[in-house]
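Structure assessment
Spelled out, the chains give:
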Amino acid sequence: MSVGTLITFDLLVAVLIAATWLGAGAAAAARRSGIALALFVAAAVLSVARAATAAVLAGAGWWFVQEKVTLTLPLLAVAGVVAAAVAGPRLVRAARGGRADLAGRPAVVVPLLGAGYAAVAGPVYALLLGYPATWSAGLVTVALVGAAVLLTWRIVSAPGSLPVSAARAAVAAALAAGLAGTGLAFVPAPETDAGGGVPTRHLAAGHPADGRTAGTTGAPAADEHATGTGAAHAAGTDTTGEHAPEAHGSGGSATGEHAPEAHEAGAGGVRPVTALRGPSEPAPGGTTRRFALTARTTTVTLSSGRRVAAWTFDGKVPGPPITAVEGDLVEVRLRNADVTSGVTIHWHGYDVPAGEDGVPGLTQDAVRPGQEFTYRFLADQVGTYWYHTHEVSDIGVRKGLYGMLVVTSRAGGPADHVSGSASGPASDGETGRTQDGGAGTGGPAVSTPGLDLTLPVHTFGGVTVIGDHDRTIERSAAPGTPVRLRLVNTDNTPHRFTLAGAPYRLVAVDGQDLNGPGELGRVGLRLPAGGRYDLAFTMPAARTVLLAVDDRTDGLRLSPREGAPAPGATSAPALGTTGPSTSRAPVPESGPGTAPGAGSGTAGSAGVSGSAGDGAGWPELDITRYGTPAGTPFGLGSRFDRRFTLVLDRGLAFSDGRPLYAHTVNGRAFPSIPTQVVRDGELVRFTVVNRSRDTHPWHLHGHRVLVLSRDGRPTSGSPLWLDTFDVRPGEVWEVAFRAANPGLWMNHCHNLAHADQGMVLHLNYEDVTTPFHGAHGG
Ligand code: C2O
Ligand code: CU
């Protein structure tokens, strides 16, 4: 049983336990001693058994059981033992002797119901509060259970049977616990989390990026930094102490390296995020690519003729593809025509300077109707990316404010050829051509004629579309053509892809080339929300290649174009330019896609690879074990400057003052989740734990993270650099990154509905501030 399943199972058992204890109490009160005894025995057995599920869960990590072990199970144990000792013998006598009246006595009913209340606390606590257990919640829980017991006693016992002084004392105790717990709930959370690193003195008091403290960021912030010189000396000293052993084993050297930085920071080196902007010139050899995007509401027509009300960039869904060649300067002028809630553009997965990151209230103000904003950044990451609004992004992205960003390598030829992507208008039957068809696994990219399709998957009103196609995209390619499919998930939940008809490789994930990706056949590819997979294969001679989405929809049907020359196929293999992948035997023709229908083709001489659904039973590819290991700049054994743990859960929390059944991080919702603080150059490790029953695609802006391990098992395939990783229920991911992109960054769940309901925090570099007020989860 997976940990995720176990979490649900444990919850169900907890509910069952509560029901049996309460049932036993109710049956006793109704003088049904036989039933009461049976339920009592069942409740006792189940209660003991639950210790076993908790023990198994504990094996997956303390986070999964913390509140159970420290609070709800002990509470249940105490109440259960009392019930067994006090009510048990009486109940047995009642049942054996047929003395129904005995069963209805307070000494039987109250302990049984009391155990029931204590048992109820378990699932209620897990559902409403979860991790971490706090004194506040613990005291309130105990007070509520105590109050319920007292009330029950009061109701079922004859007046005067309870000594007044004892009753008063019990009421007073419950009241005190409840009040103390309630009071503690108002103790504010710390605003920052240093992750075990050097505490960040001058940021902590006036953390300016946080909406709650926005009003105080003017003068107080200035004061703070005015006194920063003093603080900087202290900080400088700390830095020396902290880094000397690691850096060079020489205090002098470390001091030399770090002192100027600290000094600069303290003495007015505080940078506003607005100063962290992109360059104005391309890299040598590159050009400036200018794009103008206008956000506006409109009705778009999908390929079937279906019309949907949308929020768009330039009236299209997806927005115009933004393409560039490595080294180019991308300049995008965003205008907002009539999207009243405002718009920004966030470059998902692209590690742009913080001032270009497009987060309203943090790096810029939202662009209101009539306004504009120009983004500039260097196209220095080759691969498949996307862009989307970050203002009320849950609604904005869902309604269509997104588009593709594809950057090709300079060696791979001009990027203009990506224009044939399926994200273009439905009528565009043209296919992309010259493209880096190489797997790019470290070898030089080879310019070969090929087909390069960008396939953004999105859901409009329950209909899955690729680009603007809500019907199967039909394309053809000459046999031997190198094909690259760039799959992009712009939805809130994962999509499963299967490719039948040709052996292929998953050559890049989140824009990053994998090392030595092996050939794939009958597997399902689960693409997290926000994530990208690039697939590469050679167009087969007599077989249709079919890409299915979610085992339901035929997304793309690629037929061989008979008679067409097979361009460059013999001289420039499209795949496996390095390492073990080239030595791998090709998957035989009978490999993938020979499923039903392969031999009974209806499309001329081309075999049909079946249809969506054929791949439903194919196992899912585990990308943490795919490809070939290679060196990484850091790893599990590295010494980390900061370590942060993010426990994802669901529970009651306050978000901007309103109580919410939120998606929480460490028991809190945005903006009350402490901001993670790092320094430029530090090595940072995240442990991301999912205690909830939802999948959370975790996304840190401005940085790619290296996956170290999942569920305690180190990655064993290609190094995996991701910008969005899917943390499924019960999973624990360890990831790490080098903090080398100073700024203020969102760190959030890319199920944007979850983000909207609290699952957002910030990761800030010390000494970067924002002039914008009102950063929000959007
Ligand atoms: Cu694509 Cu903040 O997200
Ligand atoms: Cu989520």
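Scroll up a little and you will see the structure.
Criteria and cut-off values
Residues numbered from 1 in each chain as written. Chains lettered and ligands numbered in written order. Predicted model: local features only at pLDDT ≥ 70, side-chain atom pairs only at ≥ 80, totals over all residues. Heavy atoms only, no water. Pairing = 2+ DSSP bridges. Helix = DSSP H or I, 4+ residues; strand = E, 2+ residues; numbered from the N terminus. Axes fitted to C-alpha atoms, helices over the stretch in contact; angles between N-to-C directions. Parallel < 35°, antiparallel > 145°, perpendicular 65-115°, else oblique. Left-handed = near helix turned anticlockwise from the far one by under 90°. Contact = heavy atoms within 4.5 Å. Patch = residues over 30% accessible without salt bridge, like charges linked within 9 Å, V, L, I, M, F, W, Y side chains within 5 Å. Areas by Shrake-Rupley, 256 points an atom, 1.4 Å probe, with all protein chains shown as cover. Salt bridge = Lys/Arg side-chain N within 4 Å of Asp/Glu carboxyl O. Donors = N, O, S within 2.8 Å, 3.2 Å for Na, K, Ca; no water. Buried < 20%, exposed > 50% of the residue type's maximum accessible area, 1.4 Å probe, protein only.

1. Structural notes on the sheet that holds strand β4 (residues 307–313)
Strand order in this open sheet of four strands is β4-β3-β6-β8, and the pairing throughout is mixed. What marks the edges here is a single partner per strand, and that holds for β4 and β8 (372–378). Across the sheet, the mean angle separating the axes of adjacent strands is 25 degrees when strand polarity is ignored. In this sheet, strand β6 (residues 329–336) lies alongside strand β3 (residues 288–301) in parallel orientation, the contact comprising eight bridges. By the bridge assignment, threonine 288 is partnered in β6 with leucine 329.

2. Thoughts on the packing of helix α1 (residues 3–29) against helix α5 (residues 106–128)
Two quantities define a packed helix pair, namely the angle between the axes and the distance from one axis to the other. With their axes 8 Å apart at the nearest point, α1 and α5 run at an angle of 160 degrees to one another. In terms of orientation, α1 lies roughly antiparallel with respect to α5. Here α1 runs over α5; the crossing is left-handed. Side by side, α1 and α5 meet where Leu11, Ala14, Val15, Ile17, Ala18, Trp21, Leu22, Ala24, Gly25, Ala26, Ala28 and Ala29 of the first sit next to Val108, Val109, Leu112, Leu113, Ala115, Gly116, Tyr117, Ala119, Val120, Pro123, Ala126 and Leu127 of the second.

3. A look at a nonpolar patch on the surface
Together, Val120, Val124, Leu127, Leu128, Leu129, Leu652 and Tyr661 make up a nonpolar patch on the protein surface, roughly 500 Å² of accessible area in all. Looking at the nonpolar patch element by element, the count peaks at four residues for α5. For valine 124, the location among the structural elements is in helix α5.

4. Looking at the coordination of the copper ion (ligand 2)
The copper ion (ligand 2) binds to the protein through His696 (ND1), Cys749 (SG) and His754 (ND1); the donor distances cover 2.0 Å. Of note, the donors binding the copper ion (ligand 2) are all from one chain and are spaced H-x52-C-x4-H. Here cysteine 749 lies in strand β35 (residues 744–749) and histidine 696 lies in strand β29 (residues 696–700), a separation of 53 residues in the sequence. We note that histidine 696, like cysteine 749, is buried.

5. Examining the packing of α5 against helix α6 (residues 135–156)
Between α5 and α6, the shortest axis-to-axis distance is 9 Å and the interhelical angle comes to 155 degrees. When the axis of α5 is compared with that of α6, the two are roughly antiparallel. Crossing handedness for the pair α5 and α6: right-handed. Along its contact with α5, which presents Pro106, Val109, Val110, Leu113, Gly114, Tyr117, Ala118, Ala121 and Tyr125, the element α6 presents Ala137, Gly138, Thr141, Val145, Ala148, Val149, Thr152, Trp153 and Val156.

6. As for the pattern of salt bridges
Considering all chains together, one arrives at 31 salt bridges under this definition. For arginine 532, the salt bridge is made with aspartate 723, and the minimal N-O distance between the two is 2.6 Å. With arginine 532 in strand β22 (residues 532–538) and aspartate 723 in the loop between β32 (721–722) and β33 (724–727), the pair connects residues that are 191 residues apart, well separated along the chain. Across the pair aspartate 641 and arginine 639 runs a salt bridge, and its minimum N-O distance is 3.2 Å. Residues participating in the shared-partner salt-bridge network are Asp10, Arg50, Glu67, Lys68, Asp649 and Arg691.

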